[in-house]
Amino acid sequence: MKNRIILAVLILVSFLMQCTILQIFSIGSISPNLLAILCICMGFLRGKKTGMFVGFFCGLLVDLFYGSLFGFYALIYMYLGYFAGFGCQIFYDDDLKVPLCLVGVGDLVYNLAVYGLQFLLRGRLGFRVYFFRIMIPELLYTVLLTILVYKILYKINYRFMGIRTTKDSDSFWLIK
């Protein structure tokens, strides 16, 4: 119960920060995707179910306030959190390189899905412009913000939400 309350607070704070504070620091109308960072990092730290839970509710908030097609962003964020959860037992969560790569790939997949399903199906074929002016700057900005946010989420995960221990003997990669 305590974990779900903390996750709900994290989702609300991240959504409010993405909609208010990060819009102030946008560079060329490009702002980082804090909700993608949250659902990917929580999926990586806590597992597939938590990643899906966080991703669904992050996307649901975006759909309620900004989405034109209800459920579109909820589905994308839910998949991002779910697939990030596959790295939960494989990689150690105190290393920063894996979450950076996951967030980079996740943000690229997010932007490709938004382009493919929101722009391409409406006949807007300017992929090169969208890729170089929106996708790449947002990806770089999001990955740079991940360095700070992941450390905060890592501390919140282990201090307030209880330690989800993965012993070396529990990993299926290590053979005795």
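In what follows, the structure referred to is the one given above.
What you see is a predicted model; the values in this text were computed from it and never measured. (Residues numbered from 1 in each chain as written. Predicted model: local features only at pLDDT ≥ 70, side-chain atom pairs only at ≥ 80, totals over all residues. Heavy atoms only, no water.)

A. Main features of the nonpolar core. Among the nonpolar cores identified, the biggest contains 40 residues, and Leu10, Leu38, Met42, Val54, Tyr77, Leu80 and Leu153 are the most heavily contacted of them. For this core, the secondary-structure elements that each account for two or more residues are helix 1 (2-19), helix 3 (34-46), helix 4 (48-65), helix 5 (72-84), helix 6 (97-119) and helix 7 (127-159). Tyrosine 77 has contacts with Asn33, Leu35, Ala36, Cys39, Gly55, Cys58, Gly59, Val62 and Tyr110, leaving out every residue within four places of it along the chain. (Core = buried A, V, L, I, M, F, W, Y, C linked by side-chain atoms within 4.5 Å. Buried < 20%, exposed > 50% of the residue type's maximum accessible area, 1.4 Å probe, protein only. Helix = DSSP H or I, 4+ residues; strand = E, 2+ residues; numbered from the N terminus. Contact = heavy atoms within 4.5 Å.)

B. Region of the structure containing the environment of glycine 85. Examined against the element boundaries, glycine 85 turns out to sit in the loop between helix 5 and helix 6. Residue glycine 85 is classed as buried on the basis of its relative accessible area, which comes to 6%. Measuring from C-alpha to C-alpha, the distance between glycine 85 and glycine 126 comes to 33 Å, with 41 residues separating the pair along the chain. Excluding anything up to four places from it in sequence, glycine 85 contacts Gly43, Phe44, Gly47 and Lys48.

C. Structural view of the layout of surface pockets. Its volume calculated, the largest pocket comes out at about 610 Å³. As for the largest pocket, its lining consists of 22 residues, and the residues nearest its centre are Gln18, Ser31, Tyr73, Tyr110 and Glu138. Those elements that provide at least two residues to the lining of the largest pocket are helix 1, helix 5, helix 6 and helix 7. When residues of the lining of the largest pocket are assigned to their parent elements, the largest contribution, five residues, is made by helix 6. Lining the second largest pocket are 13 residues, and of these Ser14, Met17, Leu34, Val149 and Ile152 sit closest to its centre. (1 Å grid on protein atoms, 1.4 Å probe; cavity = no way out; pocket = protein on both sides within 12 Å on 5 of 7 lines; lining within 4 Å. Points joined across faces, edges and corners; volume = space filled by probe spheres on them.)

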